[in-house]
Amino acid sequence: MSQAITFSEYGAPEVLRLSEVTTPEPGPGQVRIRVRAASVNPLDIKIRSGLMAKAAPARVPVIPGLDAAGVVDAVGEGADAAVGDEVLGAAVGGSYAEYALLGRPVAKPGALSWEVAASLVTVGQTAFRVLRQLEVRAGQTLLIHGAGGSVGTVAVQLAAARGVTVVGTAGEHDIERVTALGATAVRYGDGWVERVKAAAPQGVDAVFDASGAGVLADSVALTGDSARVITIADMSAAQHDVRFSAGGADPADDSLSQLVRLAAAGELDVPVWRAYPLDQAATAHGDIEARRNRGKVVLLP
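Computed from a predicted model, the values in this text were never measured in an experiment. (Residues numbered from 1 in each chain as written. Predicted model: local features only at pLDDT ≥ 70, side-chain atom pairs only at ≥ 80, totals over all residues. Heavy atoms only, no water.)

A. Highlighting the environment of L43. Among the structural elements, L43 can be located in helix α1 (residues 42–49). Between the C-alpha atoms of L43 and A233, which are 190 residues apart in sequence, the distance is 9.7 Å. (Helix = DSSP H or I, 4+ residues; strand = E, 2+ residues; numbered from the N terminus.)

Right, here's the structure in full:
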């Protein structure tokens, strides 16, 4: 037996409890890690609160968590890692736990902290995926809504490194940071369309909405083509003929390995705002819901 955070009903952060659970055993191709850090993502909060109940009903008790980094302590048949390896990846069956399973572990370089390693997975792969789907090229202009958020922060850096001109909407407290990442930052809220037009008189070629702040109709108008707009956060996408991009298992996807290399080389910054002990998962969720964080939040089992 080992400890994990679980919930057995939808609700506020207080439904999260530290519980005794059966330590998972790795199946074929999987590894079990002793978790050193687990990332907290907005999707975890949507699942816990019940916002995803219709699309994906939870089978309780649920161990939340999508991402983890740790040390391999058991391997399944055909697994691509050995006991003692330091790895990171997407968790199978939850990561807010002392032990977690990874299906496609990626080696963690010594240059990466455990906190950053765990934080890279979902946000990095999401940013990488959407940029690939938008097919933005050097010389084009990309508008990123929510550029100060965790996904937006990575997307700004990846796009700017490819020679894309990036305009990012952000809160007043994030303007300086988003600018430092390589974007022209504009304040979100009323009047954002005019501010974007002033920042990008050449026009906007594509829009990446990581905010879910009701910006799709105006974003389509800016590009003149709904096919040039993708959201990861606005469930009304279909009403605007906009693609909603969600993650999925793709064995050919090596984006995480590429992201790890960039981060280890100092070419990609993934800011970690705060790390909490595992038993403070409810506090971590509460801070994210209250929008107190300015970067990734992680749990340290």
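B. Representation of the sheet that holds strand β13 (residues 243–244) within the structure. Read from one edge of the open sheet, six strands run β10-β9-β8-β11-β12-β13, paired in parallel fashion. Edge positions in the open sheet fall to β10 (184–187) and β13, since each of these has one partner strand only. Examined bridge by bridge, strand β8 (residues 141–145) and strand β9 (residues 165–170) share five bridges and lie parallel to one another. Its bridge partner lying in β9, L143 is registered against V167. Contacts between helix α2 (residues 114–134) and the sheet are confined to β8, β11 (206–209), β12 (229–231) and β13, with β11 contributing the most and set at about 155° to the helix. (Pairing = 2+ DSSP bridges. Contact = heavy atoms within 4.5 Å. Axes fitted to C-alpha atoms, helices over the stretch in contact; angles between N-to-C directions.)

C. Inspection of empty space enclosed by the protein at higher detail. Per the stated rule, a full pass over the model turns up one cavity of 30 Å³ or more. The calculated volume of the largest cavity comes to roughly 40 Å³. The wall of the largest cavity is formed by G148, G149, S150, T153, V270, P271, G295 and K296. Looking at the lining of the largest cavity residue by residue, the classes come out as two nonpolar, five polar and one charged. (1 Å grid on protein atoms, 1.4 Å probe; cavity = no way out; pocket = protein on both sides within 12 Å on 5 of 7 lines; lining within 4 Å. Points joined across faces, edges and corners; volume = space filled by probe spheres on them. Nonpolar A, V, L, I, M, F, W, Y, C, P; charged D, E, K, R; others polar.)

D. Examining the side chain of S19 more closely. Among the structural elements, S19 can be located in strand β2 (residues 17–21). Filtering out sequence-adjacent residues up to four positions away, S19 remains in contact with S2, Q3, A4 and T6.

Purely geometric stuff here, so don't read any function into it on its own.
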